[in-house]
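Examining the three-dimensional arrangement
What follows is the residue order along each chain.
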Amino acid sequence: MSADTQTILQTKRKFLGLSGYGWLRVSWFYVFIAPWFLGFLAFTVIPMAVGVLMSFTNFTGTNFDTYKFIGLANYSEAFGEFFTDGLAWYALSRTFLFAIITIPINIVLSLLIAILLTRNIRGKGFFRTLFYIPSIIPVVASVWIWKALMDNNYGVVNAVLNEIVPNTYIRWLTEYPFHVLVMWSVWAGVGGAVIIFMAGIQGVPAELEDAARIDGANNFQMFRNITAPLLTPVIFYQFIVGIIGSLQILTQPLLLAPRAVQAGIATLPPRENYMFMIHIYQESFVRQRYGYGSSLLWILFFFILILTIVMTYTSKYWVYYEVNPEDK
Amino acid sequence: MNKKPLNPGRVFERFSLYAVIIALTVLFILPIIWMLISSVKAETDFMRWPILWFAPVPKWSNYVQVLTNPKYGFIKGMLNSTMLALIFSIPNVISSAIAGYAFARMKAPGRNGFFIILMAMMMIPASVTVIPQFVLYSRLGLINNYLLWFLWGLAGSPFQILLFRQFFASFPKELEDAASIDGAGPLRTFFQIFLPNAQPVMAVTFLFAFSWVWGDWFHQAFYLSGEKATLAMKLATAFTDPKGNPIITLTLAGLVIYALPLITVYFLMQKQLVQGIVTTGLKG
C-alpha cells in the first residue's frame, strides 16, 4: 500500500513537471478505463442522481409531464410507517431479522467447516468443492430443490421426520417459509465463505505455528491466539458482504413463494418473507408509486451505509491488520 | 508435518474428524442428490407416501421429453440463455481486462482517485438504482432487448477488473520495455503482449461473467418476456401436463440439464476458480 502511494506521489510530481510524460502517453490510461468509467456514470451515478430527485416527487412512471416535487412527503410517509407499525416497518424488521439470523450462522458454520477441512485430512480439495456446489447452482434450480425437500405432501424432510415422530405433517412452505428461507440461504452461502476462510487459515505463516508449538500451545490456544486474529479481516469482510447482501434480499423470497412465480416480480411471498425490497417493488412497480419507492430505496441505502460505517468503526477494536513488509 | 505414532486416542480423533466432515458434506450434497434421483422418477412415484427413495426403473424419458417437447421450448430457452450470456460476457471480459491493465501498468494523474472510485463502487448496494434504471431503460427502448446486457457487459465489473489488475501487476517490467523498443504503442502492447498471456484470468473471468447471466433469474424476469424468454425464466414455473398440472419430476430433469454445465466447468477449472474467489474475496 505504502509503495503504491509512493509511486503515485512520484507520478504526480513527475506529471506536474511533465518530465518523461507526454500528454499523449498519459491519456491512454483514460482511454483504457473509459468503458468502465462511462458505464459507471451511466448505470450507477446518473441513476443514483435521478433516484434522489425522483424520491422528492409524486412520479408514477407515466406522468412525465405532470409530476410535481412534493418535498419530503415521501420520506415523512415512510418514517410515519416506521413509527406507526406500518407495512414498511414490518418489511424492514423482517429483513433485519433475516440478516441477524443468517449472517452469524453463515460465518460460524463456514469457519467451522474451514477449520475442519484444513486439519491434516485427505481430499480437502474434494470436500471444499462439494461444499461449494450449492453456491454454483443457479437460484432457479436451488429453489426447486428446496421446494421438493420441504413440500408437505411429498417432501423428504417430512418423510424423515415421520420416521422419528410418526404422523408429522409440517407445512414448511406456507407456515414456516422464513425458516426455509434461512436454511436455503445458509446452504447456498456457506461454500464461498469456506473457500475464503480456508485460504486464510492456510495463509497463516508456518513460522508462527512452529514457534507456538515449541512454546507448548495446544490446538485451542493455537487457534485462539494465532489463527483467529489473522482471520479477523476475513470475518470482517464476510460481515460487510453479508449485511449488504442480506438486507437487499429479494430473489429468494420471490421464488420461494408457493403460488409459483407466474406473476414474476409482482409475486407476493407469504407474510413472514415479506422483505423490504419486496415491499419496494410492490410500492414502485405494482402500485406505480415510483417516487415513494425511491424514497424507500434511499432509506435502505442509508441503513446499509450506517451499518457499514459502524462495522468499520468498531473494526479497529477487533480486526487485526497484519503489516507485511513484503506486501506491495 | 512430522508424523505422530497412532495411539488409540489419536485414531479416535481422526475417526471423529472424518465422521463430522462426511456428515456435514452429506447434509450439503443430499438436496442435490435428491434432485438427481427425483429427475428420473415417474411423477406418481415422486408423489408417493410413504416416500419412495429410488425409482424402481429409472425413467430416462423425462430428459428426452424435456428436450423434445415443443411446448416447453427448452432448446429455444437454452439458446437464448447462451446468447444472452455471451452478449454479456465477451465485452465484460475485454472491458475488465483493459481497465485492469490500465490500473496495473499505466501511470497517469488521478489513477489513485479512479481506483478509489472502483473500490467504492463495490460497496454501493446495487438495488439503490433499480427504479431509475428501469425508467431510463424504458425511455431508451432497452426493455425486452438483449442490447441491455451488452451495455452492462461493456461497463466491465469491479471484481473482474481487480482480478486482471492483480494478474497484470505480476508481469515483469521488461515486457513493456521490449515492446516500447519495438515501437509498440499502448494498444499493441496490451492486445499483442499482455492479453495473449492472460488466458488463465480470461478463462476465470469469462466463467464468472457467463455463470452470472446463466444463473440469474431476476434481471431476466424483470426485463425480458415472450420470444426472448431464457431458460431461467422458463424453469421458474413448473413444466405442466396438457391439463396444466405441474410435473415436478420433469421440471427437475430440466433443472439438472440447466445446472450441469456450471457444475462440470467448476470441477474442471477448480484450481483457477478458487484462486479467483480468494483474490477478490480477500484482497477485494
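Residues numbered from 1 in each chain as written. Chains lettered and ligands numbered in written order. Predicted model: local features only at pLDDT ≥ 70, side-chain atom pairs only at ≥ 80, totals over all residues.

Thoughts on the overall build of chain A
Counting its regular elements, chain A contains 14 helices and zero strands. Taken from N to C terminus, the helices and strands of chain A fall in the order α-α-α-α-α-α-α-α-α-α-α-α-α-α. Here chain A, with 328 residues, has 35% of them falling under the buried criterion. (Helix = DSSP H or I, 4+ residues; strand = E, 2+ residues; numbered from the N terminus. Buried ≥ 20, exposed ≤ 12 C-beta atoms within 10 Å, placed from the backbone.)

Things to note about the domain arrangement of chain A
Domain annotation for chain A reports domain 1 (1–54) and domain 2 (75–318). Centre-to-centre separation of domain 1 of chain A and domain 2 of chain A, based on C-alpha positions: 35 Å. (Domains from an automatic or database assignment.)

A closer look at the packing of helix α4 (residues 74–105) of chain B against helix α8 (residues 158–169) of chain B
Residue and element names in this part refer to chain B. Axis separation between α4 and α8 bottoms out at 7 Å; the angle between their running directions is 50°. Relative to α8, the element α4 is oriented oblique. Regarding α4 and α8, the two cross each other, and that crossing is right-handed. Residue-level contacts link N92, S96, A97, A99, G100, Y101, F103, A104 and R105 of α4 to Q160, I161, L163, F164, R165, F168 and A169 of α8. Grouping the amino acids of the contact of α4 with α8 by side-chain chemistry returns 10 nonpolar, four polar and two charged. (Axes fitted to C-alpha atoms, helices over the stretch in contact; angles between N-to-C directions. Parallel < 35°, antiparallel > 145°, perpendicular 65-115°, else oblique. Left-handed = near helix turned anticlockwise from the far one by under 90°. Contact = placed C-beta atoms within 7 Å. Nonpolar A, V, L, I, M, F, W, Y, C, P; charged D, E, K, R; others polar.)

Regarding the environment of I121 of chain A
You can see I121 of chain A is positioned in the loop between α4 (87–118) and α5 (124–136). When the C-alpha atoms of I121 of chain A and Q248 of chain A are compared, they prove to be 38 Å apart, with 127 residues separating the residues in sequence. Sequence-distant contacts of I121 of chain A, defined by excluding residues within four places in its chain, comprise L17, Y18 and I21 of chain B.

Digging into unusual backbone geometry
Phi angles above zero are rare outside glycine, and D85 of chain A is one such case at about 65°. If you trace the backbone, D85 of chain A turns up in the loop between α3 (73–83) and α4. D85 of chain A sits in the exposed class, given 10 other C-beta atoms within 10 Å. One non-glycine residue, N144 of chain B, adopts positive backbone phi at about 55°. Relative to the elements of secondary structure, N144 of chain B occurs in the loop between α6 (130–139) and α7 (147–154).

Comments concerning the interface of chain B and chain A
Chain B puts 76 residues into the contact, and the matching count from chain A is 77 residues. It is helix α14 (residues 248–283) of chain B that provides the largest number of residues to the side of chain B that touches chain A, a total of 16 residues. The residue inventory of the side of chain B that touches chain A, partitioned by class, reads 61 nonpolar, 13 polar and two charged.

Considering the packing of helix α2 (residues 23–54) of chain A against α4 of chain B
Contact geometry for α2 of chain A and α4 of chain B: axes closest at 8 Å, N-to-C directions at 140°. In this view, α2 of chain A runs oblique relative to α4 of chain B, as classed from their interaxial angle. Crossing of α2 of chain A against α4 of chain B: the hand is left-handed. Contact residues: F29, F32, I33, P35 and W36 of chain A in α2 of chain A; S95, I98, A99, Y101 and A102 of chain B in α4 of chain B.

Overview of the domain arrangement of chain B
Residue and element names in this part refer to chain B. With domains assigned, chain B is organised as domain 1 (8–62) and domain 2 (64–283). Once you take the C-alpha centre of each, domain 1 and domain 2 turn out to be 33 Å apart. At the interface, 11 residues of domain 1 touch 11 residues of domain 2. Listing elements by their share of the side of domain 1 that touches domain 2, those giving two or more residues are α1 (8–38), α2 (43–46) and α3 (61–68).

Examining the nonpolar core
Ranked by internal contacts, the top residues of the largest apolar core, which has 137 residues, are V194 and F197 of chain A together with Y101, A102 and L255 of chain B. The element that contributes the greatest number of residues to this core is helix α9 (residues 177–202) of chain A, accounting for 14 residues. Contact partners of F197 of chain A, with chain neighbours within four places excluded, come to S110, L111, A114, L231 and V234 of chain A. (Core = buried A, V, L, I, M, F, W, Y, C linked by C-beta atoms within 7 Å.)

Structural notes on the confidence of the model for chain A
Here chain A averages 87 in pLDDT, and 89% of its residues register 70 or above. The spread of mean pLDDT over the elements of chain A runs between helix α1 (residues 2–17) of chain A, the lowest at 56, and α4 of chain A, the highest at 95. (pLDDT = per-residue confidence, 0-100.)

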